[in-house]
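Each chain, letter by letter, is given below.
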Amino acid sequence: MALQSLDIIRRSATTLPEPQARGAHAGQVAKLIDVSKCIGCKACQVACMEWNDLRDEIGSCTGHYDNPPDLSDQSWTLMRFAEYENPKGDLEWLIRKDGCMHCADPGCLKACPSPGAIVQYANGIVDFHEENCIGCGYCVTGCPFNIPRISKKDNKAYKCTLCSDRVSVGLEPACVKTCPTGAITFGSKEDMQQHAAERIEDLKSRGFAQAGLYDPMGVGGTHVMYVLQHADQPQLYSGLPANPKISAIVGLWKGISKPLGLLAIFATAAVGFLHYIGIGPNETDEQDEEAARRELKNELEKTP
Amino acid sequence: MNTKRKAEEIVRYETPTRINHWIVAISFVLLALSGLALFHPALFWLTNLFGGGSWTRILHPLIGIVMVIAFALLGAKMWHENAMQPRDWQWLRQIKDLVNNREDALPEVGKYNAGQKLIFYTIILCLIGLLLSGIVIWRAYFAVYFSVELIRFASLLHAFCGIVLICAIIIHIYAAIWVKGSVRAMTRGTVSYGWAWKHHRAWFREVTKGQQK
């Protein structure tokens, strides 16, 4: 989406406020993915590549339904298929549409060193601006969900944009538009939470006592949420993290170490400067030269 | 060697060593500038010196390789002259005399004093840390082989070693400005007899031993 949208609330590697005259007064947006309704048809993957003009390389069968095998610069969303044998001995096919979660507190944005390569809009969407991307991969390091991918062709980072271009003109994301079962819905975050609550109630009445909403608070909540049949065990869904948050190491690296590091450098230089002003240089004078000559002379006299 | 050299000068660094030192030095300056540019947003403008953010990202690790190789050669040459000796520890205990320019109160010093030796080891440790962590976070070629947890740790370690190294080199450069006559050792290769006698007396005696003049 264009940078002139005047509704950027956060921008990578930037210390001053961004154009933010326009807010999301109708509420922040969210995509709700109801895993219990997903049939794994991959229409969302196709819609994504159509709308965003992406074509991943034709791969080879890796022995499971995941196709392509992983997210890539060309595949911004991916159905991940997990076979789960529940305690009753029944097989459950847990199919999770993987992709960017659009965290309220995005680890990618925190880690990015390039001003404006990653932005967060007032409506909650986290977007990459590839023209500012320098290809360092720090977003990959910062992401708690293993989402961004660096293109081998141009060394830029790519991921789901939540169709920020479509959303900005009042359309729903392409995957939502195409989903034939209504497993993916889109609207204000509030509406989606309400919709999820209804779905969870329904699932509970059908025997999924642990059904719940996945909107992890460790990253401030997300703008892509899941309805899970087993919300107490999100890791069943192809390793969805139970309690995702920005790693403490990333927090240290991108937090206190920045001011402390610069302070250490300036302090070292300042101590040197003050030492020179206060105590002054250590000079070799004529007396030292004389002493050296004298010693050398004595030395020469000693040696025959 | 150089026949035009004045009589009262001692050769401290031969030409190859000096060239090597300045390869390391120039690499270091480029690395510090490009590294700081990606370390703190307030310094991102430094990427303009390298042709923009992407060029900074491309060049930084390559210059790093140059520095590591050049320093390895330099360090190997200086290794045996940097072993800590008992008198070095005494020298460190009297660091107050040093900073107050009361050098005559300090124990005799060989080719390198204890401060120089500690800087030498600090540089080695930092370079090992920077090289290993730098490979782990080198996204274009190597990062794919490492777990994200390791990459996170390496990112922090790289920043830490970088800051320590920059501080150590600031001390190194300041020492050269502070102790007059030192810079000449690395530019022209020579120091005066008086300089050697005052700052590195044991080394002075060693190199002038049996000198026929």
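Novice: Help me understand the overall build of chain A in this model?
Specialist: Along chain A, the regular secondary structure elements total nine helices and eleven strands. Its C-alpha atoms give chain A a radius of gyration of 28 Å, more than 25% over the compact-globule value 19 Å for 304 residues. Overall size of chain A, expressed as C-alpha extent along the three principal axes, is 105 × 50 × 40 Å. When each of the 304 residues of chain A is scored for burial, the buried share is 52%. A separation of at least 24 residues holds for 60% of the contacts in chain A among residues at least 6 apart in sequence. Total accessible area on chain A stands at roughly 14700 Å², and carbon and sulfur atoms take up 55% of it.

Novice: Whenever I open this one, the domain arrangement of chain A confuses me. Can you help?
Specialist: The accessible area lost on association of the parts is a frequent measure of interface size. Segmentation of chain A into domains returns domain 1 (3-234 + 244-254) and domain 2 (257-302). Measuring from the centre of the C-alpha atoms in domain 1 of chain A to the corresponding centre in domain 2 of chain A gives 59 Å.

Novice: Whenever I open this one, the environment of Glu172(A) confuses me. Can you help?
Specialist: Residue and element names in this part refer to chain A. Residue position: Glu 172 is located in the loop between helix 4 (164-167) and helix 5 (174-178). By relative accessible area, Glu 172 is classed as partly exposed at 26%. For the pair Glu 172 and Glu 50, spaced 122 residues apart in sequence, the C-alpha separation works out to 15 Å. Residues contacting Glu 172, with those up to four places away along its chain left out, are Arg 166, Lys 177 and Phe 186.

Novice: Just checking my understanding: could you explain the pairing of strand 2 (residues 29-34) of chain A for this structure?
Specialist: Residue and element names in this part refer to chain A. The buried count for strand 2 comes to six of six residues, which makes it a mostly enclosed element. Side chains of strand 2 alternate between two faces, with Val 29, Lys 31 and Ile 33 and Ala 30, Leu 32 and Asp 34 buried alike. Direction of pairing for strand 2 relative to strand 9 (residues 184-188): antiparallel, over a ladder of five bridges. Residue Lys 31 lies in a different strand from strand 9, and its bridge partner there is Phe 186.

Novice: Please explain the sheet that holds strand 11 (residues 224-228) of chain A as it appears in this structure.
Specialist: The strands that make up a sheet pair up through hydrogen bonds in the backbone, lying either parallel or antiparallel. Residues and elements named next belong to chain A. Strands sit in the order 9-2-11-10 across an open sheet of four strands; the sheet is mixed. In this open sheet, the two edge strands, each paired with only one partner strand, are strand 9 and strand 10 (212-214). When strand polarity is set aside, the average angle formed by the axes of neighbouring strands in this sheet is 25°. Pairing analysis gives three bridges linking strand 10 to strand 11, with the strands arranged antiparallel. Opposite Gly 212, over in strand 11, you have Leu 228 as the bridge partner.

Novice: I'm lost on the nonpolar core in this one. Help?
Specialist: As a rule of thumb, soluble globular proteins bury nonpolar side chains together. Ranked by internal contacts, the top residues of the largest apolar core, which has 65 residues, are Leu36(B), Phe71(B), Leu165(B) and Phe204(B). Top element by residues in this core is helix 6 (residues 148-178) of chain B. It accounts for eleven residues. The residue makeup of this core includes at least three contributed by each of domain 1 (3-234 + 244-254) and domain 2 (257-302) of chain A. Ignoring any residue separated from it by four or fewer positions in sequence, one finds Phe204(B) in contact with Ala292(A), Glu295(A), Leu296(A), Ile10(B), Tyr193(B), Ala196(B) and Trp197(B). Among the nonpolar cores identified, the runner-up in size contains 42 residues, and Ile8(A), Leu54(A), Ala82(A) and Val167(A) belong to it.

Novice: Looking at this model, I keep getting lost on the packing of aromatic side chains. Mind explaining?
Specialist: In this description, an aromatic ring pair is defined by two values, namely the gap between the centres and the angle between the planes. According to the stated counting rule, one finds 16 aromatic pairs over all chains in the structure shown. Pairing Phe81(A) with Trp93(A) gives two aromatic rings, centres 5.4 Å apart and planes at 50°, and the pair type is tilted. Here Phe81(A), found in strand 3 (residues 77-85), pairs with Trp93(A), found in strand 4 (residues 91-99); they are twelve residues apart in sequence, far enough to count as distant. For Phe81(A), a relative accessible area of 13% corresponds to the buried category. On the basis of relative accessibility, which here comes to 40%, the residue Trp93(A) falls in the partly exposed class. Aromatic rings pair up to connect Phe71(B), Trp79(B), Phe120(B) and Tyr121(B) into one cluster.

Reading the values: the criteria
Residues numbered from 1 in each chain as written. Chains lettered and ligands numbered in written order. Predicted model: local features only at pLDDT ≥ 70, side-chain atom pairs only at ≥ 80, totals over all residues. Heavy atoms only, no water. Helix = DSSP H or I, 4+ residues; strand = E, 2+ residues; numbered from the N terminus. Rg over C-alpha atoms; globule rule 2.2 N^0.38 Å. Buried < 20%, exposed > 50% of the residue type's maximum accessible area, 1.4 Å probe, protein only. Contact = heavy atoms within 4.5 Å. Areas by Shrake-Rupley, 256 points an atom, 1.4 Å probe, with all protein chains shown as cover. Domains from an automatic or database assignment. Pairing = 2+ DSSP bridges. Axes fitted to C-alpha atoms, helices over the stretch in contact; angles between N-to-C directions. Core = buried A, V, L, I, M, F, W, Y, C linked by side-chain atoms within 4.5 Å. Phe/Tyr/Trp six-rings, centres within 6.5 Å; stacked < 30°, edge-to-face > 60°.

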